[in-house]
2 protein chains.
Amino acid sequence: MAADAVAPDTAAHEAWSLMGRLFMDMRPRMLRVASEFGLSPPQLIALKTLDPAEPVPMSGLAQALQCDNSNVTGLVDGLAAQGLVERREAEHDRRVRMLVVTERGAAVRARLVEVMAQLPSELAALSAADQRALRDVLRRALG
Amino acid sequence: MAADAVAPDTAAHEAWSLMGRLFMDMRPRMLRVASEFGLSPPQLIALKTLDPAEPVPMSGLAQALQCDNSNVTGLVDGLAAQGLVERREAEHDRRVRMLVVTERGAAVRARLVEVMAQLPSELAALSAADQRALRDVLRRALG
DNA sequence: TGGCAATGGTTGACACACTCAACTAGTCGT
DNA sequence: ACGACTAGTTGAGTGTGTCAACCATTGCCA
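These numbers come from a predicted model, not from an experiment.

### Remarks on unusual backbone geometry
Here is step 1: Phi angles above zero are rare outside glycine, and Gln66 of chain A is one such case at about 55 degrees.
Here is step 2: You can see Gln66 of chain A is positioned in the loop between helix 3 (58-65) and helix 4 (69-81).

Here is the structure:
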């Protein structure tokens with residue numbers, strides 16, 4: 001619709017806006033997956049962010065999601081109501097609640113991560129050499 | 001936090017998850033820009049999506065934003081209240097309202113696009129050759 | 001030891017974003 | 001001219017997200 005989304009002035013700018021298009025295509029898939037698992041998109045992201053192998057405090061999740069503590073309270077309430085996550089008391093500090101992904105939560109999360117990790121078709125269609133080139137450049141960029 | 005965000009099994013998967021990191025870094029900047037212009041993030045995206053040179057109907061914007069018509073009603077209300085956008089009657093169909101970006105709207109939008117187009121530092125730091133390589137691969141991917 | 005600032009988390013109030021269903025006004029085919 | 005359809009608005013309802021106020025707990029330090 002607006003032309004300048006694809007009218008950059010350097011190679012890097014053009015690359016950046018092309019990546020933007022890839023992410024746009026991503027959105028519908030996330031919505032589909034979320035509703036498929038009965039989760040809202042933020043809940044989905046929260047569950048995806050959590051690590052089944054290593055409980056984190058609420059505040060840790062809030063930091064990872066870059067949002068307020070009080071926000072994750074509600075998010076975790078929702079996940080806990082579905083038995084995907086549990087609040088467990090921390091040993092050395094009775095104020096903090098560690099978020100533990102339940103067995104069911106881990107199963108849901110695994111399927112979810114799998115679906116979300118699927119490549120956009122445009123990337124999947126690249127030649128193996130191009131895929132490696134892409135990875136190598138991005139590795140150099142992100143160290 | 002969760003390890004599998006960076007544990008892909010092919011070059012393309014790794015590239016895709018690295019791109020994801022770039023977009024994560026993008027979020028705070030968008031929030032900053034939005035509040036700087038007194039816009040909510042959805043309003044910002046809406047204004048950025050509109051083309052000052054070519055009015056579109058509400059439904060066109062809704063389609064571009066992949067959301068309901070009734071949603072853009074509210075979004076446009078907000079932009080119109082700040083004099084950034086106007087609803088104008090279409091000539092040949094009195095049902096449709098064309099969205100016209102005002103002069104002020106175009107000015108705000110221009111600054112906004114400029115700020116949003118700034119490259120993530122990781123990309124800007126790439127060598128010119130890498131930047132071109134990145135663009136070329138993405139061009140091949142996205143046609 | 002006792003007091004006090006600081007911290008983790010929850011709650012409540014509020015502003016929006018967003019969807020859906022119902023509605024109005026206008027268009028178009030037959 | 002009637003009925004099916006479309007563009008947009010309205011209203012209800014759900015959920016996200018922030019902020020301020022509030023406990024319970026911790027840890028410093030006098």
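### Looking at the relation of the copies chain B and chain A
For these two chain copies, the linking operation is a rotation about an axis paired with a shift along it.
Here is step 1: Relative to chain A, chain B is turned by 180 degrees and slid 0.1 Å along the rotation axis, the superposed coordinates differing by an RMSD of 0.1 Å. Here the transformation between the copies is reduced to the relation of a two-fold axis. Among all residues of chain B, the one whose C-alpha sits closest to the rotation axis is Leu134 of chain B, at a distance of 3.1 Å.
Here is step 2: Comparing contact sets, 100% of the residues at the interface of chain B also lie at the interface in chain A, consistent with an isologous, same-surface contact.

### Some remarks on the sheet that holds strand 3 (residues 97-101) of chain B
Residues and elements named next belong to chain B.
Here is step 1: The antiparallel open sheet is built from 3 strands, whose spatial order is 1-3-2. Of all strands in the sheet, those with a lone pairing partner are strand 1 (56-57) and strand 2 (85-89), marking the two edges.
Here is step 2: Of the strand pairs in this sheet, strand 2 and strand 3 are connected by 5 bridges, and their pairing is antiparallel. Bridge pairing in strand 3 places Glu86 opposite Val100.

### Quick notes on the packing of aromatic side chains
Here is step 1: Within the structure shown, the criterion is met by 3 aromatic pairs over all chains.
Here is step 2: Counting every residue linked through ring pairs, the aromatic cluster contains Trp16 and Phe23 of chain A together with Trp16 and Phe23 of chain B.

### Here we look at the interface of chain B and chain A
Here is step 1: Opposite the 52 residues of chain B that make contact, chain A presents 52 residues.
Here is step 2: Of the roughly 4700 Å² buried between chain B and chain A, counting both surfaces, carbon and sulfur atoms make up 71%.
Here is step 3: The largest share of the area that chain B buries against chain A comes from Met1, Trp16 and Leu142 of chain B, three residues that together contribute 18% of it.
Here is step 4: The interface formed by chain B and chain A holds 4 salt bridges in total.
Here is step 5: With a shortest N-O distance of 2.6 Å, Arg139 of chain A and Glu14 of chain B are connected by a salt bridge.

### Quick look at the pairing of strand 3 of chain B
Here is step 1: Strand direction decides the pairing type here: strand 1 of chain B and strand 3 of chain B, joined by 2 bridges, are antiparallel. By the bridge assignment, Val56 of chain B is partnered in strand 3 of chain B with Leu99 of chain B.

### Re the pattern of salt bridges
All names here are of chain A.
Here is step 1: In the structure shown here, the tally under the stated rule is 14 salt bridges over all chains.
Here is step 2: Put simply, Arg32 and Glu36 hold a salt bridge, and the shortest N to O gap is 3.4 Å. Of the two residues, Arg32 and Glu36 both sit in helix 1 (residues 11-36), 4 residues apart, roughly one turn of that helix.
Here is step 3: On the basis of relative accessible area, Arg32 is assigned to the partly exposed category, the value being 44%.

### Regarding the protein's contact with DNA strand D
Here is step 1: Near DNA strand D there are 21 residues, and of these Ser40 of chain A together with Met58, Ser59, Arg87 and Arg95 of chain B occur at the shortest range.
Here is step 2: In DNA strand D, atoms within 4 Å of the protein come 71% from sugar and phosphate.
Here is step 3: Here Arg95 of chain A contributes a side-chain N or O atom positioned 3.2 Å from a base oxygen of DNA strand D.
Here is step 4: A distance of 3.0 Å separates a phosphate oxygen of DNA strand D from a polar atom in the backbone of Met58 of chain B.

### With respect to the protein's contact with DNA strand C
Here is step 1: Around DNA strand C, the structure places 19 residues, and the nearest of them are Met58, Ser59, Arg87 and Arg95 of chain A together with Ser40 of chain B.
Here is step 2: Within the contact set of DNA strand C, a phosphate oxygen lies 2.5 Å away from a side-chain nitrogen or oxygen of Ser40 of chain B.
Here is step 3: Note that a phosphate oxygen of DNA strand C is positioned 2.9 Å from one of the backbone N or O atoms of Asp68 of chain B.
Here is step 4: When contributions to the surface near DNA strand C are tallied by element, the ones reaching two or more residues are helix 3 and helix 4 of chain A together with helix 4 (69-81) of chain B.
Here is step 5: Of the residues that constitute the surface near DNA strand C, the class distribution is 5 nonpolar, 7 polar and 7 charged.

### Some details on the environment of Asp130 of chain A
Here is step 1: Along the chain, Asp130 of chain A falls in helix 7 (residues 128-142).
Here is step 2: Residues within four places of Asp130 of chain A in sequence aside, it is in contact with Val137 and Arg140 of chain B.

### Here's the deal with the side chain of Thr49 of chain B
Here is step 1: By the element assignment, Thr49 of chain B lies in helix 2 (residues 41-49).
Here is step 2: Assessed through its relative accessible area of 17%, Thr49 of chain B is described here as buried.
Here is step 3: Polar contacts involving the side chain of Thr49 of chain B include one to the main-chain carbonyl oxygen of Ile45 of chain B, which spans 2.6 Å.
Here is step 4: Ignoring anything within four residues of it in the chain, the contact list for Thr49 of chain B reads Met1 and Ala2 of chain A together with Leu61, Ala64 and Leu65 of chain B.

Conventions used here
- Residues numbered from 1 in each chain as written.
- Chains lettered and ligands numbered in written order.
- Predicted model: local features only at pLDDT ≥ 70, side-chain atom pairs only at ≥ 80, totals over all residues.
- Heavy atoms only, no water.
- Helix = DSSP H or I, 4+ residues; strand = E, 2+ residues; numbered from the N terminus.
- Least-squares fit on C-alpha atoms with pLDDT ≥ 70 in both.
- Contact = heavy atoms within 4.5 Å.
- Pairing = 2+ DSSP bridges.
- Phe/Tyr/Trp six-rings, centres within 6.5 Å; stacked < 30°, edge-to-face > 60°.
- Buried area = accessible area lost by both parts, 1.4 Å probe.
- Salt bridge = Lys/Arg side-chain N within 4 Å of Asp/Glu carboxyl O.
- Buried < 20%, exposed > 50% of the residue type's maximum accessible area, 1.4 Å probe, protein only.
- Near = heavy atom within 4 Å.
- Polar contact = N/O pair within 3.5 Å; in protein donor to acceptor, adjacent residues only side chain to side chain.
- Nonpolar A, V, L, I, M, F, W, Y, C, P; charged D, E, K, R; others polar.

Spatial relationships are all this shows, so hold off on functional conclusions.
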